[in-house]
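As a plain string of letters, each chain reads:
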Amino acid sequence: MSRAPRPRKQQLDPLFESILSAPDRDRCPLVDPVVSFAETDEAGYLRSIETAVERTVALERRGAYHGEWAVLDAEALPRALRSPADAFSNDEIFSAIHARWHDCKPIVLPSIAADVVDDFAAEIAERDALREDLSTAGGLRQFVTARTAEIEPAFELLAKRAKLADPERDIERVLLASFPPTGRGKRIEDLWLKSAWLSTHDDDASMRLRFSFGSERDDDASRDIVRQRVTADLAERLLPESAALSAHPALAPLLDKLCGESVLFTQHIAYWNSKSGGALFHHDAFAEDAFDDGTWRQLGVCYVQLSGATAWLALAIDDLAARCAEFVEALAEGALPWVRAQLCGGGRPPIPGGFERLWQLAQDRAACTAELALPGQGALGALVNRGPEFTSFLADAGHGFVLEAGDAILLPNRGLHATCMHSVFCASEETGYSLSLALRPNREAPEDTEARSRDRRSARSRDVS
Ligand SMILES: [Fe+2]
């Protein structure tokens, strides 16, 4: 019997090959690679994408087009274009993830919470109606009131009205008190939940529901472990799917192992990312790197997609500084002249100081990193949020990820100068529901001085995006 002729190997486009095999491309283990494309790209490049494409995503946020991505099936790629991590043993995968954690690089965990998506299908299905309810003032109080049985007698919804810190985006804030379970100890009266829009853009219906305590901003990085734990308890009673994440048999031990100690999931934020919505580039860090021995701080954030999909750009702040320098050097050499003209041209360019300022930052890595840590990334804000050129550039460098329901992303954090920067887009037709959980050591914090507390107030929280 004669053997059937083997199909001829598809000739892949050299650009496609060079993007996937670039030595400095970021390769997170377990993750399908993402590349950017445009309909106007060379036919050979588009054909190469077709050989392995799993899905495509068109990125748009608040009226700004950020291009298109193709998520590739790694198994459909020639071995030479796959990540070496695809052949790793479990121990090697953990070592690679551990190294990423300490380098503040994002870690994507595909399908890790697929069981939560299944087990809490009914609750997750109700979350879209909850978003609707929370979009008008009064809806949040009604949500908590309807769950009195779940929170009492440990918690009590207080009648007093709470001020809104950001009247343009905040919708409603409710206050709660908690009682110590033993009857001894202090009653805590400054727990709160807040519903808010993510932006004021007309086309963006994205929302969040935040659980925290004390004064907004000043207490965002609070070292009060009792209130951190009580806040977590409240969130887990009101959103039971979050309790399944903090007790998750794979996720929780992995985080304990990465951090080298027991981790508390707290200060929950439920996110609804709607079409054309998402978050601009930001970090979730506080000015905590200079405190004590530096170990009692926010360790990072764990974001879990529970319905819909989101697209992410995520990378260590050092890596973003390096990519900014690379991009600015390409602009200096004449690449993408329209980007330089729009960002740095005459009139009132969005980058104060124009190209000269960009060039200075590109040449001074420490200054560039410090600029990226500023709210809105200072002079670099217009560049890092520039689509589709800069977004595509980062995706082709391996910093783009697409999260589907059940996937999680870890965003490690050691303070303002060692953190994971990220930018989020909606990647589904429907509004996606997700939970973002701050990670802190599950132990008493060392004594803090008033001066240190004051310094920490310069911090910004992950709620600002
Ligand atoms: Fe964030």
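Residues numbered from 1 in each chain as written. Predicted model: local features only at pLDDT ≥ 70, side-chain atom pairs only at ≥ 80, totals over all residues. Heavy atoms only, no water.

Take the domain arrangement of the chain next. Its domain assignment divides the chain into domain 1 (14-92) and domain 2 (114-308 + 405-456). Distance from the C-alpha centre of domain 1 to the C-alpha centre of domain 2: 32 Å. Each partner contributes to the interface: domain 1 provides eight residues, whereas domain 2 provides 13 residues. Note on domain 1 versus domain 2: buried area summed over both sides is about 930 Å², and carbon and sulfur give 51% of it. Here R62 and D204 are joined by a salt bridge, their closest N and O atoms 3.3 Å apart. (Domains from an automatic or database assignment. Contact = heavy atoms within 4.5 Å. Buried area = accessible area lost by both parts, 1.4 Å probe. Salt bridge = Lys/Arg side-chain N within 4 Å of Asp/Glu carboxyl O.)

Before going further, it helps to examine the coordination of the iron ion. The protein atoms that coordinate the iron ion are H282 (NE2), D284 (OD) and H422 (NE2), at distances of 2.2 to 2.3 Å. All donors of the iron ion come from a single chain, and their spacing in sequence reads H-x1-D-x137-H. Taken together, the residues span a long stretch of sequence, with D284 in the loop between β10 (278-282) and β11 (300-305) and H422 in strand β15 (residues 418-426) at a distance of 138 residues. Both residues of the pair, D284 and H422, belong to the buried class. (Donors = N, O, S within 2.8 Å, 3.2 Å for Na, K, Ca; no water. Helix = DSSP H or I, 4+ residues; strand = E, 2+ residues; numbered from the N terminus. Buried < 20%, exposed > 50% of the residue type's maximum accessible area, 1.4 Å probe, protein only.)

Our next topic: the layout of surface pockets. Counted as a void, the largest pocket has a volume near 320 Å³. Lining the largest pocket we find 16 residues, and of these S36, F37, A38, D41 and S392 sit closest to its centre. Secondary-structure elements contributing two or more residues to the lining of the largest pocket are α1 (14-21), β1 (34-37), β3 (64-72) and α16 (389-399). When residues in the lining of the largest pocket are grouped by element, the largest group, three residues, is from β3. Broken down by class, the residue content of the lining of the largest pocket amounts to seven nonpolar, four polar and five charged. (1 Å grid on protein atoms, 1.4 Å probe; cavity = no way out; pocket = protein on both sides within 12 Å on 5 of 7 lines; lining within 4 Å. Points joined across faces, edges and corners; volume = space filled by probe spheres on them. Nonpolar A, V, L, I, M, F, W, Y, C, P; charged D, E, K, R; others polar.)

Counting across every chain of the model gives three cavities of 30 Å³ or more. For the largest cavity, the calculated volume is near 160 Å³. What lines the largest cavity is a set of 18 residues, among which R25, D26, R27, V31 and P33 lie closest to the centre. Residue classes in the lining of the largest cavity are distributed as nine nonpolar, three polar and six charged.

Between helix α11 (residues 317-332) and helix α14 (residues 365-372), whose axes approach to 9 Å, the crossing angle comes to 115°. In terms of their interaxial angle, α11 and α14 are classed as roughly perpendicular. Here the hand of the crossing between α11 and α14 comes out right-handed. Contact residues: I317, D318, L320, A321, A322, C324 and A325 in α11; R365, C368, T369 and L372 in α14. (Axes fitted to C-alpha atoms, helices over the stretch in contact; angles between N-to-C directions. Parallel < 35°, antiparallel > 145°, perpendicular 65-115°, else oblique. Left-handed = near helix turned anticlockwise from the far one by under 90°.)

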